[in-house]
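Single-letter residue listing:
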Amino acid sequence: MDFEKNENQLMITQMVRDFAEKEIRPNIMKWDESQEFPVDLFKKMGELGLMGVLVPTEYGGSGFGYFEYITVVEEISKVCGSIGLSVAAHNSLCTGHIMQFGNEEQKQKYLPKLASAEWIGAWGLTEQGTGSDAGGMSTTAVLDGKDYVINGSKNFITHAISGDVAVVIVRTGEKGDSHGMTAFIIEKGTPGFSGGKKEDKLGMRASETAGLFFDNCRVPASNVLGKVGDGFVQSMKVLDGGRISIGSLALGIGRGALEAATKYSKEREQFGKPISQFQGVSFKLADMATELLASELLLYQAADRKNKGQKMTKEGAMAKLFASEVAVRCGNEAVQIFGGYGYTKEFPAEKFYRDAKLCTIGEGTSEIQKLVISREVLTGN
Ligand SMILES: Cc1cc2nc3c(=O)[nH]c(=O)nc-3n(C[C@H](O)[C@H](O)[C@H](O)COP(=O)(O)OP(=O)(O)OC[C@H]3O[C@@H](n4cnc5c(N)ncnc54)[C@H](O)[C@@H]3O)c2cc1C
């Protein structure tokens, strides 16, 4: 493996950095405090190709691989985790599911709109009663003539209100049967389909999170993604890639926290010298930098396997687990290095700390990643 960033990654890094400094950084606390989901920003990112990073060019996407994808999510998340989370969810969940399992007609219809951000995508697996145990879901789709009628709800869905299209996984068979669930594409405005109230969150506040509701929502059978009964198995494959997303998000937040803490430690003086000259502070920076590089290398390994079409369930889960826990440690240490100022909203450290925590929960908690990794280890994979 070549660990040097290729020409494409270097170009993307600069382009995303410039964009984030100009369009995101000046607004982050305004969006954070008001919990505003800045839809117009996503349209601008669509114009730059950041909303269809992995989508092939024939469907209007950028046609890049996972190394470039990590770069995009990392660079945005260095500045704002909320925007990074929404970019990641749009690219790898909704768009990723249609890209991997849609038929030609579905790909032609939805991918160009999603890649350009003309449409924002949502993806619904989690329910109120079933998060880690997603396979135990209660929302049902029942065949009635040529349509399916969906009843129930989904919980904690990114872009549940502003999303123009959602991929939702619902029960079409028996509970407990991993082939008893099916993925459907549902467009905003479909009668009986609505978004709920926005969650008031600890962090990631500019990324919209809400419930999705289905009240006798009728969708044509042609909206099924792949085969009836394959929805859960498809979701697990989508989440394999999604773990690279959340790992990259965590990497970006951690690096943002490190950059801010490093700069501050050189400026802040106590006992007549910059606090960076105290080993108690500089060793924290050393630990952060080391763990972040280790996160990046785990992510690159998972990305390399994904680019080659190899199984990467274990590697993706390891990268997500490690990078998320590291991001939380980096957020924590950044607040510590900023001292009392780190505890205020005048300085960036507290936001990195709040945003980072989502990474150990979303798309499978740290405990669930360990479950996945241990299962792979025990079966010799
Ligand atoms: C901001 C945000 C955005 C989200 N976006 C989406 C989205 O777009 N689409 C979507 O479908 N979902 C989304 N989610 C949901 C997210 O994936 C779930 O919250 C997550 O999977 C955990 O589920 P839960 O919240 O029900 O927790 P639970 O499953 O109830 O877990 C509670 C605790 O029990 C632990 N636990 C559970 N089972 C086990 C076990 N077997 N062994 C050990 N420990 C266990 C967990 O690790 C956790 O610590 C989002 C959540 C948030 C907060």
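Structure's up top.
A brief look at the structure comes next.

Conventions and cut-offs
Residues numbered from 1 in each chain as written. Predicted model: local features only at pLDDT ≥ 70, side-chain atom pairs only at ≥ 80, totals over all residues. Heavy atoms only, no water. Helix = DSSP H or I, 4+ residues; strand = E, 2+ residues; numbered from the N terminus. Buried < 20%, exposed > 50% of the residue type's maximum accessible area, 1.4 Å probe, protein only. Contact = heavy atoms within 4.5 Å. Core = buried A, V, L, I, M, F, W, Y, C linked by side-chain atoms within 4.5 Å. Phe/Tyr/Trp six-rings, centres within 6.5 Å; stacked < 30°, edge-to-face > 60°. Lys NZ or Arg CZ within 6 Å of the ring centre and 35° of its normal. Salt bridge = Lys/Arg side-chain N within 4 Å of Asp/Glu carboxyl O. Axes fitted to C-alpha atoms, helices over the stretch in contact; angles between N-to-C directions. Parallel < 35°, antiparallel > 145°, perpendicular 65-115°, else oblique. Left-handed = near helix turned anticlockwise from the far one by under 90°. Nonpolar A, V, L, I, M, F, W, Y, C, P; charged D, E, K, R; others polar.

### Concerning unusual backbone geometry
Line of reasoning, step 1. In the Ramachandran plot, Gln-35 falls in the positive-phi region, its phi being about 55° despite a non-glycine side chain.
Line of reasoning, step 2. Position of Gln-35 among the secondary structure elements: in the loop between α2 (28-34) and α3 (39-47).
Line of reasoning, step 3. Phi angles above zero are rare outside glycine, and Phe-156 is one such case at about 60°.
Line of reasoning, step 4. The topology assignment puts Phe-156 in strand β3 (residues 147-158).

### Re the side chain of Thr-158
Line of reasoning, step 1. Secondary-structure assignment places Thr-158 in strand β3.
Line of reasoning, step 2. Residue classification places Thr-158 among the buried positions, given a relative accessible area of 16%.
Line of reasoning, step 3. Excluding anything up to four places from it in sequence, Thr-158 contacts Ser-86, Ala-89, Gly-121, Ala-122, Trp-123, Ser-207 and Glu-208.

### Some remarks on the nonpolar core
Line of reasoning, step 1. Residues Ile-24, Met-45, Ile-76 and Ile-83 are the most contacted members of the largest nonpolar core, which totals 67 residues.
Line of reasoning, step 2. For this core, the leading source of residues is helix α7 (residues 231-267), giving 11 residues.
Line of reasoning, step 3. With residues up to four places along the chain from it excluded, the contact list for Met-45 reads Phe-19, Leu-50, Met-51, Ile-76, Ile-83 and Val-87.
Line of reasoning, step 4. Within the second largest apolar cluster, 25 residues are counted, among which are Ile-98, Tyr-110, Ala-134 and Ile-185.

### What to know about the packing of aromatic side chains
The geometry of an aromatic ring pair is captured by the separation of the ring centres together with the interplanar angle, meaning the angle of the planes.
Line of reasoning, step 1. According to the stated counting rule, one finds 11 aromatic pairs in the structure shown.
Line of reasoning, step 2. Look at Tyr-148 and Phe-184: their rings are 5.0 Å apart centre to centre, the planes differ by 65°, and that puts the pair in the edge-to-face class. Placement of Tyr-148 in strand β3 and of Phe-184 in strand β5 (residues 181-187) is noted, with a sequence separation of 36 residues between them. In this pair, the class of Tyr-148 matches that of Phe-184, namely buried.
Line of reasoning, step 3. The interplanar angle of 65° and the centroid separation of 5.6 Å between the aromatic rings of Tyr-341 and Phe-347 together place this pair among those described as edge-to-face.
Line of reasoning, step 4. With a relative accessible area of 40%, Tyr-341 lands in the partly exposed category.
Line of reasoning, step 5. What makes Phe-347 partly exposed here is its relative accessible area of 28%.
Line of reasoning, step 6. Put simply, the rings of Tyr-264, Phe-338, Tyr-341 and Phe-347 pair up and form one aromatic cluster.
Line of reasoning, step 7. We note Lys-113 situated over the ring of Trp-119; from NZ or CZ to the ring centre the distance is 5.1 Å.

### Details of the pattern of salt bridges
Line of reasoning, step 1. What the rule picks out here adds up to 23 salt bridges.
Line of reasoning, step 2. For Asp-144, the salt bridge goes to Arg-218, with nearest N and O atoms at 2.6 Å. Of the two residues, Asp-144 is situated in strand β2 (residues 140-144) and Arg-218 in strand β7 (residues 209-220); the sequence distance between them amounts to 74 residues.
Line of reasoning, step 3. Taking relative accessible area as the criterion, Arg-218 reaches 40% and is therefore assigned partly exposed.
Line of reasoning, step 4. For Lys-263, the salt bridge is made with Glu-267, and the minimal N-O distance between the two is 3.3 Å. With Lys-263 and Glu-267 both in helix α7, this residue pair falls four residues apart, about one helical turn.

### So, the packing of helix α1 (residues 7-24) against α3
Line of reasoning, step 1. In the contact formed by α1 and α3, the axes pass within 12 Å of each other and the chain directions differ by 155°. For the element pair α1 / α3, the angle class is roughly antiparallel. As for how α1 packs across α3, the hand of that crossing is right-handed. From α1, Phe-19, Glu-23 and Ile-24 reach across to α3, where they touch Leu-41, Lys-44 and Met-45.
Line of reasoning, step 2. Of the residues that constitute the contact of α1 with α3, the class distribution is four nonpolar, no polar and two charged.

### Thoughts on the packing of α7 against helix α9 (residues 313-338)
Line of reasoning, step 1. Contact geometry for α7 and α9: axes closest at 8 Å, N-to-C directions at 20°. Viewed along their axes, α7 and α9 adopt a mutual orientation that is roughly parallel. In the crossing of α7 with α9, the sense of the turn from one axis to the other is left-handed. Across the interface between the two elements, Asp-240, Arg-243, Ile-246, Gly-247, Ala-250, Gly-254, Ala-257, Ala-260, Ala-261, Tyr-264 and Ser-265 of α7 pack against Thr-313, Gly-316, Ala-317, Lys-320, Ala-323, Ser-324, Ala-327, Cys-330, Gly-331, Ala-334, Ile-337 and Phe-338 of α9.

These figures capture arrangement, not role.
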